[in-house]
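# What the coordinates show
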Amino acid sequence: GADISARNIDTLSSSFPLCMQNLHRSLRRDAHLKHFGRLQYTLFLKGIGLNLEECLVFWRSSFSKITDDTFNKEYRYNVRHTYGDVGGDSNRRGGGYTPFSCQKILTEHPPGPGEAHGCPYRHFSIDNLTALLQNVGVKDQEVLRGVKEDKEKTKFHLACNRVFEYVHKQEIKKVRDDGTWGASQLETIVHPNEYFKRSYMLKN
Ligand code: SF4
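Small disclaimer: the values here were computed from a predicted structure and weren't measured.

Before going further, it helps to spend a moment on the pattern of salt bridges. If charged atoms from side chains of opposite charge come close, those side chains can pair. Counted under the stated rule, the structure contains 13 salt bridges. Arg28 is the partner of Asp10 in a salt bridge, and the nearest nitrogen-oxygen pair spans 3.0 Å. You can see Asp10 sitting in helix α1 (residues 9-12) and its partner Arg28 sitting in helix α2 (residues 18-30), a full 18 residues away along the chain. Classification of Asp10 as partly exposed rests on a relative accessible area of 45%. Taking relative accessible area as the criterion, Arg28 reaches 37% and is therefore assigned partly exposed. A salt bridge links Lys174 to Asp178; its shortest N-O distance comes to 3.7 Å. Residue Lys174 is classed as exposed on the basis of its relative accessible area of 55%. By relative accessible area, Asp178 is classed as partly exposed at 45%. Among the charged side chains, a salt-bridge network with shared partners connects Glu194, Lys197 and Arg198.

Here it is as C-alpha cells:
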C-alpha cells in the first residue's frame, strides 16, 4: 500500500497541485508557514491520508529553526485541532475540518505579503506564476501560453487541469487507450486532493 508518512512528503510532493507545491516549497525555504498556509496545507495532508502522529512529526521537523518547547506551545494544538483531536464537540465528532476545495481556496482569504496559501493560478502575477511553473518543471511554451490565456480569462481550474494533463500526458494516454479510466475519472479536477489522488494513481 501507499506509504503516506512524514519522511515521504518531499517525494510525494511531485504529485501535489501547484497550490500545495508552493506551500511545500515555501515551507522548505523558510522553515515556517503562516497561519492560513498551515491550515490549507495541514488539511490537504490529512486528505491524502497522513495521520495525525505523522502530521505532527512533519510539522515539527519542518519548523527546524524553533525549539520543541515553542513548537509544543504554539503549533501542536492547532494541528491536533485541525484533525479533530481536540476542540469543540462538533469538530471532534466530525473528525476535524474538511480539506479545502479549489472553490474555497480561490475565493476565501486571499494571501497577503509573506503568505503562501491560496491558488497560484489566481493569486500570483503572470510572471511569478510562469517562474513557479518552470521551477517545478513545466517549461513547455505552449502550455505556459495556455496557462496565461486561462488566467487572463479567470479560468483558473482550466489552467490547473491543463498543467495536470501536460505533466501526466503519457499516463493519461495509456489509461484512456486501454480503457482503465472512464469519463468520470477524467473529469475536470476541482479539488486539490483529487489532483493528488489521480496523479498518485497514474504514477504508481
Ligand atoms: Fe490548487 Fe485548485 Fe488552484 Fe489547482 S486550481 S492550484 S488544485 S486551488
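Further remarks concern the site of the ligand. Lining the immediate environment of the ligand, one finds Pro17, Cys19, Cys102, Ile105, Cys119, Tyr121, Cys160 and Pro192. Taken together, the residues of the shell around the ligand break down into eight nonpolar, no polar and no charged.

Reading guide: rules and limits
- Residues numbered from 1 in each chain as written.
- Predicted model: local features only at pLDDT ≥ 70, side-chain atom pairs only at ≥ 80, totals over all residues.
- Heavy atoms only, no water.
- Salt bridge = Lys/Arg side-chain N within 4 Å of Asp/Glu carboxyl O.
- Helix = DSSP H or I, 4+ residues; strand = E, 2+ residues; numbered from the N terminus.
- Buried < 20%, exposed > 50% of the residue type's maximum accessible area, 1.4 Å probe, protein only.
- Near = heavy atom within 4 Å.
- Nonpolar A, V, L, I, M, F, W, Y, C, P; charged D, E, K, R; others polar.

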